[in-house]
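One letter stands for each residue in the lines below.
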Amino acid sequence: MRRIGDFFLSFVLPMVITLVVMWAIYSFIGAPVKISGSSMAPTLTNGEHVWMNHLDKTYDRGEIVIFDAPDGSGDEYVKRVIGVPGDTVSYLDNQLYINGEPVEEDYLNVLKSKNPNEKVTPDFSLETLPSTQQEKVPAGKLFVLGDNRPVSKDSEEFGFIDQSHVKGTVSYRIWPVNKIGKVEAVPVINE
């Protein structure tokens, strides 16, 4: 009988504690996520792995967030926050405007240079998009876009996302080895 107790204390109990700690970390602190698809290229590319931070519950313009797909498919989407509650958002002639101010999107330079005579993002305002039809981003919502606009399924198509559906923010790239490091949130507008 003593052997069973020794086995439990020396092997089973540490395994259970380890599993509980790992579950707590993945559920409440953060977790690795594999990027699937090209909607955030060139910032994040297919096959890369990032660390999703569950602790950050304030979502700023320029941050990259992971959230449940609005279509109920069970997928997770990775997009950049463009508009926060109270913002007006529009595009005109390949220029982003937030609250009437032009905003630089340096992360789009690669895409713009490949197609210099094409619009990366079609002209729109929140009021004219069929998916939003409002002047401002409502309370508790976010307006998100992918960095690879021509292929991204984002708020232009499915509208605002609920902040409560955001699982976390992308803070670090953890794979591949040569790209390990912090994924900086790009300031989308100076206030």
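Below you will find a few notes about this structure. Since the model is a prediction, treat every value here as computed from it, not as a measurement.

To continue, consider the overall build of the protein. In terms of helices and strands, the protein carries three helices and twelve strands. For a compact globule of 191 residues, the expected C-alpha radius of gyration is about 16 Å, and the protein comes in at 20 Å, more than 25% above that figure. Once the C-alpha set of the protein is aligned to its principal axes, its extents read approximately 80 × 35 × 35 Å. When the 191 residues of the protein are sorted by exposure, 40% land in the buried category. Accessible area for the protein stands at about 10800 Å²; split by element, carbon and sulfur atoms hold 56% of it.

A few words now on the pattern of salt bridges. Counted by the stated rule, this structure contains ten salt bridges. Close ionic contact of Lys 167 with Asp 68 constitutes a salt bridge, the shortest N to O distance being 3.3 Å. Here Lys 167, found in strand β11 (residues 166-175), pairs with Asp 68, found in strand β3 (residues 64-68); they are 99 residues apart in sequence, far enough to count as distant. Lys 141 serves as the salt-bridge partner of Asp 162, at 2.4 Å between the closest nitrogen and oxygen. With Asp 162 in strand β10 (residues 161-162) and Lys 141 in strand β9 (residues 141-145), this residue pair connects regions lying 21 residues apart in the sequence.

Residues Val 89 and Tyr 91 point to one face of strand β5 (residues 89-92) and are all buried, whereas Ser 90 and Leu 92, pointing to the other face, are not buried. By the bridge criterion, four bridges tie β5 to strand β6 (residues 95-98) in an arrangement that is antiparallel. Looking across to β6, one finds that Tyr 91 is bridged to Leu 96. Here β5 hands over to β6 after two residues, with Asp 93 in that stretch at a positive phi of 55 degrees. The sheet contact formed by β5 and strand β8 (residues 124-125) spans two bridges and is antiparallel. Directly across from Ser 90, in β8, lies its bridge partner Ser 125.

Cut-offs and rules
Within each chain, residues carry numbers counting from 1 in the order of the written sequence. Selection of residues for local features in this predicted model requires a pLDDT of at least 70, selection of side-chain atom pairs for listing and counting requires 80 or more, and totals for whole chains, interfaces and linings are taken over all residues. Side-chain calculation: all heavy atoms of the structure are included, whereas hydrogens and water are not. Per the convention used, a helix needs a DSSP run of H or I reaching at least four residues, while a strand needs a run of E reaching at least two, with both numbered from the N terminus. The globule rule is 2.2 Å times the number of residues to the power 0.38, and the radius of gyration it is compared with is taken over C-alpha atoms. The cut-offs for exposure are 20% and 50% of the maximum accessible area for each residue type, with area from a 1.4 Å probe on protein chains only; residues under the lower value are buried, those over the upper are exposed, and the others partly exposed. A 1.4 Å probe and the Shrake-Rupley method give the accessible areas. Residues count as covered only by the protein chains that appear here. Whenever Lys or Arg places a side-chain nitrogen within 4 Å of a carboxyl oxygen from Asp or Glu, that contact is recorded as a salt bridge. When DSSP finds at least two bridges between two strands, those strands are taken to pair.

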